[in-house]
Amino acid sequence: LQLVIHNAGVQQLRDWTVPDTPIAYDTAQEMAVNFVGPAEITRLLLPRLARESHAQLVFVTSGLALAPKSSSPVYCASKAAMRSFAKSLRAQVQQAGWPVLIQEALPPLVDTDMTHGRGKGKISASTAASQILDGIAKGRAEIDVGATALLRLILRLSPALGERIMIKR
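Now for a look at the structure at hand. Worth saying up front: this structure is predicted, and the values here are computed from it rather than measured.

## Some words on the packing of helix α1 (residues 27-50) against helix α2 (residues 73-96)
Turning to step 1, where the next piece is worked out: One way to put it is that α1 packs onto α2 with a least axis distance of 8 Å and a crossing angle of 15°. Here α1 is positioned roughly parallel relative to α2, judged by the angle of their axes. Considering how the two elements wind past one another, α1 and α2 form a crossing that is right-handed. Along its contact with α1, which presents Thr27, Glu30, Met31, Asn34, Phe35, Pro38, Ala39, Thr42 and Leu46, the element α2 presents Val74, Tyr75, Ser78, Ala81, Met82, Phe85, Leu89 and Val93.
Turning to step 2, where the next piece is worked out: Along the lines of polarity and charge, the residues of the contact of α1 with α2 split into twelve nonpolar, four polar and one charged.

Below, the structure written as structure tokens:
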């Protein structure tokens with residue numbers, strides 16, 4: 001085992017200001033799929049990966065880990081948690097001298113079953129996968145997919161502007 005890609009994700013659109021909004025699953029389930037599951041799988045696999053001469057762990061988060069949108073606060077929080085986890089884990093693995101490369105892929109809105117009927121300007125799943133695989137092959141610690149590179153630039157120039165743009169999505 002030399003490569004693990006954590007790419008699970010569920011997203012519940014929910015307005016927390018509307019009481020008793022019917023939801024398909026709860027907050028704990030969304031966090032379990034998007035954050036707890038990948039973290040626990042990593043805990044179990046990391047010792048095995050560390051025995052390889054070279055291994056890679058890839059966490060697919062989201063551009064929403066950089067700047068959230070208002071319609072899905074739990075999803076945004078779970079992807080931000082995964083981003084923070086990946087960065088901390090990367091530091092631990094480097095400090096331990098383990099031959100495991102910790103990578104994060106940050107896609108924009110991708111055309112999947114989860115995003116059916118939502119948003120505009122989606123990239124295809126095959127385009128996202130191709131860019132992620134290219135970043136993995138190049139050994140990039142952070143892989144900006146599609147428009148995420150533009151979002152990162154906007155956030156560098158004006159964090160407030162970047163957040164205003166994204167929060168409305």
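## Let's talk about the packing of aromatic side chains
Turning to step 1, where the next piece is worked out: By the definition in use, this model includes two aromatic pairs.
Turning to step 2, where the next piece is worked out: Seen in terms of ring centroids, Phe35 and Phe85 are 5.9 Å apart; in terms of plane orientation they differ by 90°. Their pairing is edge-to-face. Separated by 50 residues along the polypeptide, Phe35 in helix α1 and Phe85 in helix α2 bring together distant segments of the chain.
Turning to step 3, where the next piece is worked out: Judged by its relative accessible area of 21%, Phe35 is partly exposed.

## Some points on the side chain of Lys79
Turning to step 1, where the next piece is worked out: Secondary-structure assignment places Lys79 in helix α2.
Turning to step 2, where the next piece is worked out: Although Lys79 is buried, it forms no salt bridge, and the closest oppositely charged side chain is Glu104 at an N-O distance of 8.9 Å.
Turning to step 3, where the next piece is worked out: Side-chain polar atoms of Lys79 contact the backbone oxygen of Ala8, separated by 3.4 Å.

## Observations regarding the pattern of salt bridges
Turning to step 1, where the next piece is worked out: This model, assessed by the stated rule, comprises seven salt bridges.
Turning to step 2, where the next piece is worked out: Between Glu104 and Arg83 there is a salt bridge, and its shortest N-O distance comes to 2.5 Å. Of the two residues, Glu104 is situated in strand β3 (residues 100-106) and Arg83 in helix α2; the sequence distance between them amounts to 21 residues. Each of the two residues, Glu104 as well as Arg83, counts as buried.
Turning to step 3, where the next piece is worked out: Through salt bridges with shared partners, one network takes in Arg83, Glu104, Glu142, Asp144 and Arg152.

## Some remarks on the pairing of strand β1 (residues 3-6)
Turning to step 1, where the next piece is worked out: Here β1 shows one buried face, formed by Val4 and His6, and one open face, formed by Leu3 and Ile5.
Turning to step 2, where the next piece is worked out: Taken together, the four bridges between β1 and strand β2 (residues 55-60) define a ladder with parallel strand orientation. Note that in β2 the partner of Val4 across the bridge is Leu57.

## Some remarks on the sheet that holds β3
Turning to step 1, where the next piece is worked out: Read from one edge to the other, the open sheet built from four strands follows the order β1-β2-β3-β6, with strand pairing classed as parallel. One side of each edge strand has no neighbouring strand; the edge strands of this open sheet are β1 and β6 (142-144). Each neighbouring strand pair of the sheet contributes to a mean axis angle of 20°, computed without reference to strand direction.
Turning to step 2, where the next piece is worked out: Here three bridges tie β3 to β6, and the two strands are oriented parallel to one another. Within the sheet, the bridge partner assigned to Leu106 lies in β6 and is Asp144.

## A word on the packing of helix α4 (residues 148-157) against helix α5 (residues 159-167)
Turning to step 1, where the next piece is worked out: For the pair α4 and α5, interaxial distance at closest approach is 5 Å and the crossing angle is 135°. Classified by the angle between their axes, α4 and α5 sit oblique to one another. Between α4 and α5, the contacting residues are Leu151, Ile154, Leu155, Arg156 and Leu157 on the first element and Pro159, Leu161, Gly162, Glu163, Ile165 and Met166 on the second.
Turning to step 2, where the next piece is worked out: For the contact of α4 with α5, the class distribution of residues is eight nonpolar, one polar and two charged.

Thresholds, definitions, all that
Residues numbered from 1 in each chain as written. Predicted model: local features only at pLDDT ≥ 70, side-chain atom pairs only at ≥ 80, totals over all residues. Heavy atoms only, no water. Axes fitted to C-alpha atoms, helices over the stretch in contact; angles between N-to-C directions. Helix = DSSP H or I, 4+ residues; strand = E, 2+ residues; numbered from the N terminus. Parallel < 35°, antiparallel > 145°, perpendicular 65-115°, else oblique. Left-handed = near helix turned anticlockwise from the far one by under 90°. Contact = heavy atoms within 4.5 Å. Nonpolar A, V, L, I, M, F, W, Y, C, P; charged D, E, K, R; others polar. Phe/Tyr/Trp six-rings, centres within 6.5 Å; stacked < 30°, edge-to-face > 60°. Buried < 20%, exposed > 50% of the residue type's maximum accessible area, 1.4 Å probe, protein only. Lys, Arg positive; Asp, Glu negative; His and termini not counted. Salt bridge = Lys/Arg side-chain N within 4 Å of Asp/Glu carboxyl O. Polar contact = N/O pair within 3.5 Å; in protein donor to acceptor, adjacent residues only side chain to side chain. Pairing = 2+ DSSP bridges.

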